[in-house]
Amino acid sequence: MKLYEIAAEMKQVESLLDDGVDEQAIADTLEAIEIGFNEKLMSIGKIIRNNDAVVAGALQEVERLRDRIKRIDARSDWLREYAKKAMLTTGRQKVETDIFTLSISKGRKSVKIDDESKIPAEFINIKTVATPDKKAIKEAIEAGQEVSGAALVVGEPSLSIK
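How each quantity is defined
- Residues numbered from 1 in each chain as written.
- Predicted model: local features only at pLDDT ≥ 70, side-chain atom pairs only at ≥ 80, totals over all residues.
- Heavy atoms only, no water.
- Phe/Tyr/Trp six-rings, centres within 6.5 Å; stacked < 30°, edge-to-face > 60°.
- Helix = DSSP H or I, 4+ residues; strand = E, 2+ residues; numbered from the N terminus.
- Buried < 20%, exposed > 50% of the residue type's maximum accessible area, 1.4 Å probe, protein only.
- Patch = residues over 30% accessible without salt bridge, like charges linked within 9 Å, V, L, I, M, F, W, Y side chains within 5 Å.
- Areas by Shrake-Rupley, 256 points an atom, 1.4 Å probe, with all protein chains shown as cover.
- Salt bridge = Lys/Arg side-chain N within 4 Å of Asp/Glu carboxyl O.
- Arc of directions from axis to C-beta.
- Lys, Arg positive; Asp, Glu negative; His and termini not counted.
- Contact = heavy atoms within 4.5 Å.

**With respect to the packing of aromatic side chains**
Consideration 1: Evaluated as defined, the whole model comprises one aromatic pair.
Consideration 2: Both rings, one in Trp78 and one in Tyr82, keep their centres 5.2 Å apart while their planes meet at 15°; by these two values the pair is stacked. Residue Trp78 and its partner Tyr82 are located together in helix 3 (residues 37-90), separated by four residues, close to a single helical turn. The pair Trp78 / Tyr82 is uniform in exposure class, with both members exposed.

Right, dumping it as structure tokens:
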């Protein structure tokens, strides 16, 4: 098989992955490609590395967009507060425009806690969270202790690409 044919077929596999085709179709396509085992795995490794790079780039973009959302949201909060102060300063409760109406409404009632220690017990919510200490359980089992309800298991093998 010629190099350009291998490249085209591996590009087809990458396209199938991008299109979300089911895993069996991808496996069938990989099996149909007539190249050596090592070359196949090398090509698969390249696709994995490429996918990892795409994921890393997407995560950076997500972080950038989160930061942008925070900035835009902060600007909107500032503008909202600015408009409210301007309306309160001029004594206007309502301003109608061609597009929308801005109005000042009364504040909602809320509870402000000045000193939590003075709140009567009947108004205190107690939250208790109990979770198994997996690290301690692992250490105990490895030391030969039997821990009922828990067992030490070996996870799935993983593929590393270096």
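Still more ground to cover, so stick around.
**Notes on a nonpolar patch on the surface**
Consideration 1: Taken together, the side chains of Trp78, Leu79 and Tyr82 define a hydrophobic patch exposed on the protein surface, amounting to about 390 Å² of accessible area.
Consideration 2: Checked against the element boundaries, Leu79 lands in helix 3.

**Quick look at helix 2 (residues 23-32)**
Consideration 1: Buried within helix 2 we find Ile26, Thr29 and Leu30. Angularly, the buried residues of helix 2 cover 100° about the axis, an arc narrow enough to put them on a single face. Of the exposed residues in helix 2, those oriented more than 90 degrees away from the buried face are Glu31 and Ala32.

**Regarding the side chain of Glu14**
Consideration 1: Relative to the helices and strands, Glu14 is located in helix 1 (residues 3-18).
Consideration 2: No salt bridge is formed by the buried Glu14, whose closest oppositely charged neighbour, Lys11, lies at an N-O distance of 4.2 Å.
Consideration 3: What Glu14 contacts, discounting residues up to four positions off in sequence, is Ile47 and Asn50.

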